[in-house]
Amino acid sequence: MLLAMSQTSAIAVPDRSAPPPAPAPVPSPAPAGGEANSRNSGSPENGRAPAAVCVFQTRGDYVHISGSAFEASGHGWWVNGNCNATLAIVTVQLQQYYADGSWRNAGTAGTATVRSGGGAGNRATGRGVCTSGSLTGWRSVVDVDLVGLADDPGKLYTPGQNIYCRR
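Residues numbered from 1 in each chain as written. Predicted model: local features only at pLDDT ≥ 70, side-chain atom pairs only at ≥ 80, totals over all residues. Heavy atoms only, no water.

**Describing the confidence of the model for the protein chain**
At step 1: On average, residues of the protein chain score 82 in pLDDT, and 74% of them reach the 70 mark or higher.
At step 2: Across residues 1–16, where pLDDT falls below 50, the model places zero contacts with residues more than four positions away in sequence or in other chains.
At step 3: Here residues 41–51 is modelled with pLDDT under 50, and outside its nearest four sequence neighbours on either side it reaches 17 contacts, counting other chains as well. (pLDDT = per-residue confidence, 0-100. Contact = heavy atoms within 4.5 Å.)

Structure representation (structure tokens):
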């Protein structure tokens, strides 16, 4: 005796009650506003008496398109207040703003050992090559580590700038 069986194919029907998957975040213009925090000091946790604490300022400029290449550029430096230090290691990391509200590292961090004051040759430069001219939010994160002295882990986050450069 032969039994006949029918076969049917199963077709998945999308669940219409679930929201569609979110697209992957992409670089975007940054929201307006934002203050930069630029004061740092020696940390009392480093075992020194409060009288041994020194004060300096971490400084950075707005991220901009470099005058010499199609790339985002940001500089960082320090200004000595009363520290017994003549040099600091300054690191600048550029960040790009994304549509999901996050800032993500972009480009190459720049590090330099510099004297207080800033100016050409006395600052560190972070760079990020532009792969398109789309309007995108950029900022930099500047870290200053005094040579020979303990200091706090504070960093300067420059205010976001929208420039026509996307990485």
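So much for the structure itself; the text now carries on.
**Focus: the nonpolar core**
At step 1: If you look at the biggest cluster of nonpolar residues, it comprises 24 residues, and the most contacted ones within it are Ala72, Trp78, Cys83, Val90, Trp138, Val144 and Leu146.
At step 2: At the level of elements, β4 (71–80), β5 (87–97), β7 (110–115), β9 (132–146) and β11 (161–166) are the ones that each hand at least two residues to this core. (Core = buried A, V, L, I, M, F, W, Y, C linked by side-chain atoms within 4.5 Å. Buried < 20%, exposed > 50% of the residue type's maximum accessible area, 1.4 Å probe, protein only. Helix = DSSP H or I, 4+ residues; strand = E, 2+ residues; numbered from the N terminus.)

**Examining the pairing of β7**
At step 1: Alternating positions in β7 separate cleanly, Gly110, Ala112 and Val114 being buried on one face and Thr111, Thr113 and Arg115 remaining unburied on the opposite face.
At step 2: Examined bridge by bridge, β5 and β7 share six bridges and lie antiparallel to one another. Bridge pairing in β7 places Thr91 opposite Thr111. (Pairing = 2+ DSSP bridges.)

**Section: the state of the cysteines**
At step 1: Under the criterion given, the structure shown has two disulfides.
At step 2: Disulfide pairing places Cys54 opposite Cys83 at an S-S distance of 2.3 Å. Linking Cys54 and Cys83, the disulfide has an S-S dihedral of approximately 85 degrees and is accordingly described as right-handed. Taken together, the residues span a long stretch of sequence, with Cys54 in the loop between β1 (39–41) and β2 (55–60) and Cys83 in the loop between β4 and β5 at a distance of 29 residues. Each of the two residues, Cys54 as well as Cys83, counts as buried.
At step 3: Sulfur-sulfur distance for the disulfide between Cys130 and Cys165 comes to 1.9 Å. Classification of the bridge connecting Cys130 and Cys165 rests on its S-S torsion, roughly -105 degrees, and on that basis the disulfide is left-handed. One end of the pair, Cys130, is in the loop between β8 (124–129) and β9; the other, Cys165, is in strand β11, and 35 residues separate them in sequence. For the pair shown, Cys130 and Cys165 are each scored as buried. (Disulfide = S-S within 2.5 Å.)

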